[in-house]
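Coordinates in review
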Amino acid sequence: QVQLVESGGGLVQAGGSLRLSCAASGGTLSTLFMGWFRQAPGKEREFVAAIRWNSGITYSAGSVKGRFTISRDNAKYTGYLQMNSLIPEDTAVYYCAAGFSPRNNYNAWGQGTQVTVSS
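Notes on the structure follow. Residues take numbers from 1 onward in each chain, read along the sequence in its written order. Given that this is a predicted model, residues contribute local features only at a pLDDT of at least 70 and side-chain atom pairs are listed and counted only at 80 or more, while totals for whole chains, interfaces and linings are drawn from all residues. Only heavy atoms go into the side-chain values, all of them from the structure, while hydrogens and water stay out.

**Thoughts on the overall build of the protein chain**
- A count of helical and extended segments in the protein chain gives zero helices and eleven strands.
- By the criteria applied, helices consist of DSSP H or I runs no shorter than four residues and strands consist of E runs no shorter than two, each listed in order from the N terminus. Tracing the protein chain from N to C terminus, the helices and strands come up as β-β-β-β-β-β-β-β-β-β-β.
- The C-alpha radius of gyration computed for the protein chain amounts to 13 Å, which stays within 12% of the reference 14 Å derived for 119 residues, consistent with globular compactness.
- Taken across its 119 residues, the protein chain has 46% of its residues classed as buried.
- Of the contacts formed within the protein chain by residues at least 6 apart in sequence, a portion of 55% connects residues at least 24 apart.
- Exposure was quantified through the Shrake-Rupley algorithm and a 1.4 Å probe, taking into account, for residues, occlusion by the shown protein chains and nothing else. Accessible surface, the protein chain as shown: approximately 5,900 Å² in total, 48% of it carbon and sulfur. Throughout, the radius of gyration refers to the C-alpha atoms, and the reference size of a globule is 2.2 Å times the residue count to the power 0.38. Working definition: with a 1.4 Å probe on protein chains only, accessible area under 20% of the residue-type maximum means buried, over 50% means exposed, and in between means partly exposed. Contacts between residues were defined by any pair of non-hydrogen atoms, one from each residue, lying within 4.5 Å.

**Observations regarding unusual backbone geometry**
- A positive phi angle is found at Tyr 77, which is not glycine, with a value near 55 degrees.
- The residue Tyr 77 is located in the loop between strand 7 (68-73) and strand 8 (78-83) in this model.
- A positive phi angle, near 65 degrees, is found at Asn 105, a position not held by glycine.
- You can call Asn 105 partly exposed: its relative accessible area is 49%.

**Examining the side chain of Ser 21**
- As for its position among the elements, Ser 21 is in strand 3 (residues 18-25).
- For Ser 21, a relative accessible area of 16% translates into the label buried.
- Once residues within four sequence positions are removed from consideration, Ser 21 is found in contact with Val 5, Glu 6, Ser 7, Trp 36, Thr 78, Gly 79 and Tyr 80.

**Things to note about the pattern of salt bridges**
- Only one rule defines a salt bridge in this text: a Lys or Arg side-chain nitrogen within 4 Å of an Asp or Glu carboxyl oxygen. Taken as a whole and judged by the stated rule, the model has three salt bridges.
- We note a salt bridge from Asp 90 to Arg 67, for which the minimum N-O separation is 2.7 Å. Remark: Arg 67 occurs in the loop between strand 6 (58-60) and strand 7 and Asp 90 occurs in the loop between strand 8 and strand 9 (92-99); sequence separation between them is 23 residues. Both residues of the pair, Asp 90 and Arg 67, belong to the buried class.
- Among the charged side chains, a salt-bridge network with shared partners connects Arg 38, Glu 46, Arg 67 and Asp 90.

**Considering the packing of aromatic side chains**
- We call Phe, Tyr and Trp rings a pair once their centres come within 6.5 Å, taking the six-membered ring for Trp, and we label the pair stacked below 30 degrees between planes, edge-to-face above 60, and tilted otherwise. On inspection of all chains with the given rule, the structure shows six aromatic pairs.
- Both rings, one in Phe 37 and one in Phe 47, keep their centres 5.8 Å apart while their planes meet at 75 degrees; by these two values the pair is edge-to-face. Taken together, the residues span a long stretch of sequence, with Phe 37 in strand 4 (residues 33-39) and Phe 47 in strand 5 (residues 46-52) at a distance of ten residues.
- Given a relative accessible area of 13%, Phe 47 falls into the buried group.
- Feature note: the residues Phe 37, Phe 47, Tyr 106 and Trp 109 constitute an aromatic cluster, connected by ring pairs.

**Considerations on the nonpolar core**
- By nonpolar core is meant a set of buried Ala, Val, Leu, Ile, Met, Phe, Trp, Tyr and Cys residues that side-chain atoms within 4.5 Å join together. Ranked by size, the top nonpolar core spans 36 residues in total, and within it Leu 4, Trp 36, Leu 81, Met 83 and Tyr 94 carry the most contacts.
- Leu 4 has contacts with Cys 22, Ala 23, Ala 24, Met 34, Cys 96, Ala 97, Ala 98, Ala 108, Trp 109, Gly 110 and Gln 111, leaving out every residue within four places of it along the chain.

The values are spatial; any link to function lies outside them.
In structure tokens, the structure reads:
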């Protein structure tokens, strides 16, 4: 099974940018999707974005479209979430995951990384 480790979270002012990374090991992503999800305090975990690893086709939630970009580097076996124009509502723990469809059915998860956007 794939193991995933996120990095790149932190504190940023509204309007700023962060790039999250998700390093994969121990398995293959070639037939899978890599997704990013987030969970804010007191809220359910929600889908943010996903990428089909072999084709690079991407999917995004409406709330982040035009601000967040998901990508992957096959050589480094690492996925990225570039987050621009951050707003306080983006504050959450962000998780990367590997699974079988863009928005659900994920079976491998990272430990999460905190993103805090100050106003």
